[in-house]
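Below, each chain spelled out in residue letters.
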Amino acid sequence: MSWSERPLQFCSADQHLLGILNSAAGSDGDLGVLILVGGPQYRVGSHRQFTLLARHLASQGLPSLRFDFHGMGDSSGEIPHFEAVEQDIAAALNAFQQAQPQITRFVLWGLCDAASAALLYWHARRDTRIHGLCLLNPWLRSAELQARVQVKHYYLQRLFAPAFWRKLFSGQVQVRASLLEFLGKLNSLRKTRQTTPSLSYQQKMAAAWRDFPGPLLLLLSGQDFTAKEFLEHAATDADWQGLLNKPKLRRQQLDEADHTFSCAAWRAWVETQTSQWLQQCLASPETASAAGSETSKSAVAHLSGDPLAHPLQG
């Protein structure tokens, strides 16, 4: 399916924001994907992931908008915290809908703290236009959680690693410094267990996850501490109990992948998981049928590194 790509300028409060709109020629589907950018990056994404994802979706008849939050990329203003992008998301949804009037249902797609921002947006707005959430390695970090995960997944695993003992007996490990570091992590667990004022952002995310009526897609990387922190928090925190068993949740994990899915095969996995979920859970029958005929060709072109598969930049 042929597709187009063009810039889209819009305003959020007194700031000018820039996005890139990808759409399929002749598509009249009512579903669009708003790709939210996480961390200190702009609309292209690490390893061009957001650009490639948008083009992959467009090739299957699914339009998308990826944009720079204020203070990032080509948007004006100061760099925001992920808890302060609600207005930008609302402005992007409005601009997306104005540019593509046939779209009445939206999916928020986000990696890391952009996944958190998606949940926080829905918690604050209860925007009925949002029909699905696609969340990759959501950010739930706190000082206590970070220390707990490091103790569990780094220090304890290190004790069982043969390489550690070889270094220890050869004198390559500074025992005193390592012990003090380990004890410091344990001490930080005790110090950070305190009451937080009002609702924390983790509690707001849990409330949004619990109350959201539509389907959710959770994609996790097996070699990512952010993903491990998320799973640890969801398994041990009272507000998150049972939320990973939500009926409309689809959960997938790529064991060998890192936080940003940094190689082509891992990015292709994300694209495939996203598009299949959209087609099966949210797309109209007409869109799903048209997209199905394009899936295998698009995936092969991407994995082969064919330079003609994604000829444009930006």
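Scroll up a little and you will see the structure.
Residues numbered from 1 in each chain as written. Predicted model: local features only at pLDDT ≥ 70, side-chain atom pairs only at ≥ 80, totals over all residues. Heavy atoms only, no water.

1. Describing the sheet that holds strand β4 (residues 64-67)
Step number 1: Strand order in this open sheet of eight strands is β1-β2-β4-β3-β5-β6-β7-β8, and the pairing throughout is mixed. Edge positions in the open sheet fall to β1 (3-12) and β8 (249-254), since each of these has one partner strand only. Across the sheet, the mean angle from the axis of one strand to that of its neighbour is 20°, orientation sign disregarded.
Step number 2: On the sheet, helix α3 (residues 113-125) packs against β3 (31-36), β5 (105-111) and β6 (130-136) and is oriented at approximately 155° with respect to β6. (Pairing = 2+ DSSP bridges. Helix = DSSP H or I, 4+ residues; strand = E, 2+ residues; numbered from the N terminus. Axes fitted to C-alpha atoms, helices over the stretch in contact; angles between N-to-C directions. Contact = heavy atoms within 4.5 Å.)

2. A short note on the nonpolar core
Step number 1: In terms of nonpolar packing, the biggest core is built from 49 residues, with L34, I89, L108, I130, L133, W209 and W240 touching the most fellow members.
Step number 2: Examining the composition of this core, we find that eight residues originate from one element, α3, more than from any other.
Step number 3: Those residues in contact with L108 that lie beyond four places of it in its chain are L34, I89, L93, A118, Y121, I130, G132, L133 and C134.
Step number 4: Listed in part, the 26 residues of the second largest apolar core include W109, L111, C134 and A257. (Core = buried A, V, L, I, M, F, W, Y, C linked by side-chain atoms within 4.5 Å. Buried < 20%, exposed > 50% of the residue type's maximum accessible area, 1.4 Å probe, protein only.)

3. Quick word on the packing of helix α2 (residues 86-99) against α3
Step number 1: Direction vectors running N to C along α2 and α3 enclose 85°, while the axes themselves pass 10 Å from each other. The angle between the axes of α2 and α3 places the two elements in the roughly perpendicular class. Across the interface between the two elements, E86, Q87, I89, A90 and L93 of α2 pack against A117, Y121, A124 and R125 of α3.
Step number 2: Partitioning the contact of α2 with α3 into residue classes produces six nonpolar, one polar and two charged. (Parallel < 35°, antiparallel > 145°, perpendicular 65-115°, else oblique. Nonpolar A, V, L, I, M, F, W, Y, C, P; charged D, E, K, R; others polar.)

4. Things to note about the environment of A238
Step number 1: Tracing the sequence through the fold places A238 in the loop between α8 (225-236) and β8.
Step number 2: With relative accessibility at 66%, the residue A238 sits in the exposed group.

5. Here's the deal with the pairing of β3
Step number 1: The buried count for β3 comes to six of six residues, which makes it a mostly enclosed element.
Step number 2: Of the two faces of β3, both are covered, the one formed by L31, V33 and I35 as well as the one formed by G32, L34 and L36.
Step number 3: Two strands pair when backbone bridges link them, and β3 and β5 are joined in this way by six bridges, in the parallel orientation. Bridge assignment links G32 to a residue of β5, and that residue is F106.
Step number 4: Sheet analysis places β3 next to β4, joined by three bridges and oriented parallel. For I35, the partnering residue across the bridge sits in β4 and is R66.
Step number 5: Where the polypeptide runs from β3 across helix α1 (residues 49-59) and back to β4, its parallel neighbour, the crossover connection is right-handed. (Right-handed = clockwise from strand over helix to strand, strands pointing away.)

6. Describing unusual backbone geometry
Step number 1: We note that A13 has phi near 60°; this positive angle belongs to a residue other than glycine.
Step number 2: Within the secondary structure, A13 sits in the loop between β1 and β2 (15-24).
Step number 3: Positive phi, close to 50°, is recorded for F261, a residue that is not glycine.
Step number 4: For F261, the location among the structural elements is in the loop between β8 and α9 (264-281).

7. Some words on the packing of aromatic side chains
For any pair of aromatic rings, geometry is given as the distance between the ring centres together with the angle between the planes.
Step number 1: Throughout the structure, instances matching the rule amount to ten aromatic pairs.
Step number 2: Ring centres 5.1 Å apart and planes at 80° place the aromatic pair F82 and Y201 in the edge-to-face group. Highlighted residues: F82 in the loop between β4 and α2 and Y201 in helix α7 (residues 201-211), separated in sequence by 119 residues. Here F82 matches Y201 in class, with each residue buried.
Step number 3: Taken together, F10, F67 and F69 form an aromatic cluster joined through their ring pairs. (Phe/Tyr/Trp six-rings, centres within 6.5 Å; stacked < 30°, edge-to-face > 60°.)

8. Examining the side chain of S116
Step number 1: Along the chain, S116 turns up in helix α3.
Step number 2: Accessibility expressed as a relative area gives 0% for S116, which makes it buried.
Step number 3: A polar contact of 2.7 Å, which involves the side chain of S116, links it to the backbone oxygen of W139.
Step number 4: Discounting chain neighbours no more than four positions away, the residues touching S116 are F82, P138, W139 and M205. (Polar contact = N/O pair within 3.5 Å; in protein donor to acceptor, adjacent residues only side chain to side chain.)

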